[in-house]
Amino acid sequence: MLAVLSILLLASSPLYAAIPVYGFKVVHRYPHDSNAFTEGLFYRDGFLYESTGMEGASSVRKVALRSGKVVQQSWLPPKIFGEGIVAWKDRLIQLTWRQHMGLVYDLHTLKPVRLFRYPGEGWALTRHGDRLYMSDGTPNLRVLDADTLRQIGTIHVTADGQPVHNLNELEWVDGQLFANIWQSTRIARIDPATGHVVGWIELKGLLDVSKLPNPEDDVLNGIAWDVEHRRLFVTGKCWPTLFQIRLVPPRQRRVAALRLGR
C-alpha cells in the first residue's frame, strides 16, 4: 500500500507532471514570400528580418510586415547555405549550415563586414542581453558571447528526461527560449536555466503543407517576437503566409474539446 502511495505521489509531483501543450488562435495573417526558404526570423523597429536558405537562393533580407515586400536584401555566394540570424548592436549575425562559418553584416546596410568560425553545423540564433543562443540540430544549445562570438556555455535540452533533437529556429520570449522542432508542428518552450521543456505549442492545422510544392521540406520554421506590442509571429519554409498568433492555454483547450464532445 505504501509503495503504491509513493508511486502516486511521485506521479503527481511537478517533476513527473505532464508537459502542458498550448494551442493557438490566429490573430492576423500577413503575406510571406513563398520562395523564401525561411531559416531565421526576428522583428525589429516595425520590420521583419529574415534569413533564407538553399544553395543559390540564400539571403538576408529586411521585409515590410504588412506587405511582405523585401525592402533591403543581401545575397550569399551561390554555394553557401544561409541559416539563422540575430541582431546585436549595429550588427546582424548570420549562420551558415555546413560551412563552419558565420557572417557579420552592418545592420543598416546589410553589407557583410567580416566572417567568424565555429565547429559543426549552424541552424539558428537568438539573443538575450549580451548572450547569443545557437542551435545546431542537436539537443545542445550553444551559448555565445555576443561581442566575441565565442562559445561560453551549453544548454542541454530535455523533455520528460529525454534529449530533444532537431532544435531549429529560436526566439527569446519572456524569459523562455522558443524553438521550432524541425519537421514537426511543435514549438518547444525551454527554461534556459535548466534546459527543460516546460511547454509545447502545437501548431498543427495552422497551414495545410500538403498543398505546398515540397511538403516534406516546406515545414514550420520561423518565430519572431514583438516585445513592445507583445505580438508573436510564426511562419514556415516557402509558406505564403506569416501568422500572428495568440497562445491558448491547455485548460482552455480542454474545455473547448469537452464542449465539442471530444
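Residues numbered from 1 in each chain as written. Predicted model: local features only at pLDDT ≥ 70, side-chain atom pairs only at ≥ 80, totals over all residues. Heavy atoms only, no water.

Glancing now at the pairing of strand β13 (residues 151–156). Across five bridges, strand β12 (residues 140–145) lies against β13 in antiparallel orientation. Paired with L144 across the strands is Q151, a residue of β13. Joining the antiparallel neighbours β12 and β13 is a turn of five residues, in which L149 adopts a positive phi near 65°. (Pairing = 2+ DSSP bridges. Helix = DSSP H or I, 4+ residues; strand = E, 2+ residues; numbered from the N terminus.)

Here the focus is the pattern of salt bridges. When the charged atoms of two side chains with opposite charge come close together, those side chains can pair. As enumerated under the stated definition, the model contains eleven salt bridges in all. R91 is the salt-bridge partner of D90, the closest N and O atoms lying 3.4 Å from each other. Given a relative accessible area of 39%, D90 falls into the partly exposed group. D136 is the salt-bridge partner of R142, the closest N and O atoms lying 3.0 Å from each other. No difference in accessibility class separates R142 from D136, as the two residues are buried. Via salt bridges that share partners, D90, R91 and D106 belong to a single interconnected network. (Salt bridge = Lys/Arg side-chain N within 4 Å of Asp/Glu carboxyl O. Buried < 20%, exposed > 50% of the residue type's maximum accessible area, 1.4 Å probe, protein only.)

Further remarks concern the nonpolar core. With 20 residues, the main nonpolar core has L141, V157, V164, L167, I190, V197 and W200 as its most contacted residues. Non-local contacts of V157, meaning those with residues more than four positions away in its chain, are made with P139, L141, Q162, P163, V164, L167, I190, G195 and V197. Formed by 16 residues, the second largest nonpolar core is a distinct cluster that contains F178, I187, L206 and I223. (Core = buried A, V, L, I, M, F, W, Y, C linked by side-chain atoms within 4.5 Å. Contact = heavy atoms within 4.5 Å.)

What follows is about the pairing of strand β20 (residues 220–226). β20 sits mainly inside the fold: seven of its seven residues count as buried. Here five bridges tie β20 to strand β21 (residues 231–236), and the two strands are oriented antiparallel to one another. Across the sheet, the residue bridging to L220 is G236, located in β21. Between β20 and β21, which pair antiparallel in sequence order, lie four residues; one of them, R230, sits at a positive phi of approximately 55°.

Its identity as a non-glycine residue notwithstanding, H100 has a phi of 60°, on the positive side. Within the fold, H100 resides in the loop between β7 (91–96) and β8 (101–106). Residue classification places H100 among the partly exposed residues on the basis of a relative accessible area of 40%. With phi around 60°, Q183 is a residue other than glycine that occupies positive phi space. Along the chain, Q183 turns up in the loop between β17 (176–181) and β18 (186–190). Assessed through its relative accessible area of 46%, Q183 is described here as partly exposed.

The next subject is the sheet that holds strand β5 (residues 70–75). Pairing is antiparallel in the open sheet, where four strands are placed in the order β2-β3-β4-β5. At either margin of the open sheet sits one strand with a lone partner, and together these are β2 (38–44) and β5. For this sheet the average axis-to-axis angle between neighbouring strands, irrespective of direction, equals 15°. Note that strand β4 (residues 59–64) and β5 share five bridges and pair antiparallel. Opposite R61, over in β5, you have Q73 as the bridge partner. (Axes fitted to C-alpha atoms, helices over the stretch in contact; angles between N-to-C directions.)

In this section: the sheet that holds strand β16 (residues 167–173). Taken together, the eight strands give an open sheet; going across it, the order is β16-β17-β18-β19-β1-β22-β21-β20, and neighbouring strands pair in mixed fashion. Among the strands making up the open sheet, the edge pair consists of β16 and β20. On average, each strand axis in the sheet is tilted by 30° relative to the strand beside it, whichever way the strands run.

Using the criterion set out here, one finds one cavity of 30 Å³ or more in the structure. A volume near 100 Å³ is recorded for the largest cavity. Contributing to the lining of the largest cavity are 14 residues, with P31, H32, E50, V63 and G68 lying nearest its centre. Broken down by secondary-structure element, the contributors of at least two residues to the lining of the largest cavity are β1 (21–31), β3 (47–52) and β4. Of the residues forming the lining of the largest cavity, the biggest block, three residues, is contributed by β4. Class assignment of the residues belonging to the lining of the largest cavity gives a composition of nine nonpolar, two polar and three charged. (1 Å grid on protein atoms, 1.4 Å probe; cavity = no way out; pocket = protein on both sides within 12 Å on 5 of 7 lines; lining within 4 Å. Points joined across faces, edges and corners; volume = space filled by probe spheres on them. Nonpolar A, V, L, I, M, F, W, Y, C, P; charged D, E, K, R; others polar.)

Before going further, it helps to examine the confidence of the model for the protein. Any segment with low pLDDT has predicted coordinates that should not be analysed in fine detail. Taken as a whole, the protein shows an average pLDDT of 90; of its residues, 89% reach a score of 70 or greater. When the criterion is pLDDT under 50, residues 1–16 qualifies, and its contacts beyond four places in sequence or with other chains add up to three contacts. Ignoring residues within four places in sequence, the model shows residues 255–260, a span with pLDDT below 50, making one contact including any to other chains. (pLDDT = per-residue confidence, 0-100.)

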